[in-house]
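Here are the chains, one letter per residue:
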Amino acid sequence: MDIGAVQIAGLALGCIGVIGTCAVTGMPQWKVTAFIENNIVVFESLWEGLWMNCFRQANIRMQCKMYDSLLALTPDLQAGRALMCIAVILSFLAFLVAIIGMKCTNCSEDNEKSKRLILLVAGICFILSGILVLIPVCWTANQIIRDFYNPLVNAAQKRELGEALYIGWATAFCLVAGGGIFCCSCCSTTRKYTYSLPPKSAASHVTRGAVSRKTSSLYSKSQYV
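Calculation notes
- The written sequence of each chain sets the order in which its residues are numbered from 1.
- Reporting of local features is limited, given that this is a predicted model, to residues whose pLDDT is at least 70; pairs of side-chain atoms are given and counted only at 80 or more, and all residues count toward the totals for whole chains, interfaces and linings.
- With hydrogens and water stripped out, all remaining heavy atoms of the structure feed into the side-chain values.
- Residue-level confidence of the predictor is summarised by pLDDT, bounded by 0 at the bottom and 100 at the top.
- Contacts are assigned to residue pairs with any non-hydrogen atoms lying within 4.5 Å of each other.
- The working definition used for a salt bridge is a side-chain nitrogen of Lys or Arg within 4 Å of a carboxyl oxygen of Asp or Glu.
- Only runs of H or I of at least four residues qualify as helices and only runs of E of at least two qualify as strands under DSSP, and these elements are numbered from the N terminus.
- Each residue's exposure class comes from its accessible area (1.4 Å probe, protein chains only) as a fraction of the maximum for that residue type: buried when under 20%, exposed when over 50%, partly exposed otherwise.
- Stacked, edge-to-face and tilted are the three classes for Phe, Tyr and Trp ring pairs, Trp counted by its six-membered ring, which pair at centre distances within 6.5 Å; planes under 30 degrees apart are stacked, over 60 edge-to-face, the rest tilted.
- Only strands joined by at least two bridges in the DSSP assignment are considered to pair.
- To obtain an axis, a line is fitted to C-alpha atoms, over the contacting stretch when the element is a helix, and the angle between two such axes runs from 0 to 180 degrees between their N-to-C directions.
- In these notes the angle categories are as follows: under 35 degrees is roughly parallel, over 145 is roughly antiparallel, 65 to 115 is roughly perpendicular, and the rest is oblique.
- The sense of a crossing depends on the near helix, which, turned anticlockwise from the far helix by less than a right angle, makes the crossing left-handed and, turned clockwise, makes it right-handed.

## A few points about the confidence of the model for the protein chain
When pLDDT is averaged across the protein chain, the result is 78; 73% of the residues are at 70 or more. Here residues 189–196 is modelled with pLDDT under 50, and outside its nearest four sequence neighbours on either side it reaches 7 contacts, counting other chains as well. Under a pLDDT of 50 for its full length, residues 214–225 has, in the predicted model, 0 contacts with residues more than four places off or in other chains.

As structure tokens, then:
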């Protein structure tokens, strides 16, 4: 496959990852109400996100409120804020760096060595941003599952996995896949532009042939003397 098409595929996955990271960071559906046992009021639901919680009634009315204090949040949400913000910045920078280092752009004056280095940096940044997205998503999911099966937790306080967590897993996959594509394309480009000198045997054969022709011509001239 053409290396340019592979790089475009990696850039597309990275773009999806950047959009998904921004969406997951702002979505309030990290934790949603679990309708179990006595908590069967299905026309009311509570969403909890990194920045706000929303109260929704019968798909008609929804009220959202920002958290009053950062210290009132659980540790997974506190860490999620910081990690997701870093992931947004890192993935966006990786996207811009990847555009500069792609084969179809002339930002680095067609210097193949610098382009390989730029693509490698972009791929590593994409992979790191995917890991940063994966950490708070998995941490929050683990916290939700552990509280759900904990008999000491009240049924009204139990939550289920929200849509933001599933989007977060897909986003992390896109970021890691895009970063892996850029790293692999960088290695394949290195192998493609590695040149080898001609073998010495061919050069020596040409030199030996020239010497033999010169010698034979000398002998032919001496015969006329």
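## What about the pattern of salt bridges?
Counted according to the given criterion, the structure contains 2 salt bridges. Of the charged contacts in the structure, one is a salt bridge between Lys31 and Asp76, with a shortest N-O distance of 3.6 Å. A residue pair is termed long-range when its members are at least 10 positions apart, and Lys31 in strand 1 (residues 31–33) and Asp76 in helix 2 (residues 75–101) qualify at 45 residues. For the residue pair Lys31 and Asp76, the accessibility class agrees, reading buried in each case. For Glu48, the salt bridge goes to Arg159, with nearest N and O atoms at 3.1 Å. Here Arg159 lies in strand 5 (residues 159–161) and Glu48 lies in strand 2 (residues 44–48), a separation of 111 residues in the sequence. Of the two residues examined, Glu48 and Arg159, each falls in the buried class.

## What to know about the packing of aromatic side chains
The full count for this structure, using the stated rule, is 3 aromatic pairs. For the ring pair Phe126 and Phe182, a centre distance of 6.0 Å and an interplane angle of 10° mean the geometry is stacked. In this pair, Phe126 sits in helix 3 (residues 112–148) while Phe182 sits in helix 4 (residues 163–192), placing the two residues 56 residues apart along the sequence. By the burial criterion, Phe126 is buried, and Phe182 matches it. Where Tyr166 meets Trp169, the ring centres are 5.7 Å apart and the plane angle is 75°; that geometry is what we call edge-to-face. Of the two residues, Tyr166 and Trp169 both sit in helix 4, 3 residues apart, roughly one turn of that helix. Judged by relative accessible area, Trp169 falls into the partly exposed class, the value being 29%.

## Looking at the sheet that holds strand 3 (residues 52–57)
Within the open sheet, the 5 strands sit side by side as 4-3-2-1-5. Their pairing is antiparallel. At either margin of the open sheet sits one strand with a lone partner, and together these are strand 4 (61–66) and strand 5. Mean inter-strand twist for the sheet, computed between neighbouring axes without regard to direction, equals 25°. With 6 bridges joining them, strand 3 and strand 4 adopt antiparallel strand pairing. Considered in strand 4, the bridge of Arg56 is made with Met62.

## Re the environment of Met62
Checked against the element boundaries, Met62 lands in strand 4. Since its relative accessible area comes to 42%, Met62 is described here as partly exposed. Distance from Met62 to Ser45, taken between C-alpha atoms, is 9.4 Å for residues 17 residues apart in sequence. Discounting residues that sit within four places of it in the chain, Met62 has contacts with Trp47, Cys54, Phe55 and Arg56.

## Overview of the packing of helix 1 (residues 3–26) against helix 2
In contact at an axis separation of 9 Å, helix 1 and helix 2 are set at 160° when each is read in the N-to-C sense. Between helix 1 and helix 2, the angle falls in the class roughly antiparallel. At the point where helix 1 passes helix 2, the crossing takes the left-handed sense. On helix 2, the residues that touch Leu11, Gly14, Cys15, Val18, Thr21, Cys22, Val24 and Thr25 of helix 1 are Met84, Ala87, Val88, Ser91, Phe92, Phe95, Ala98 and Ile99.

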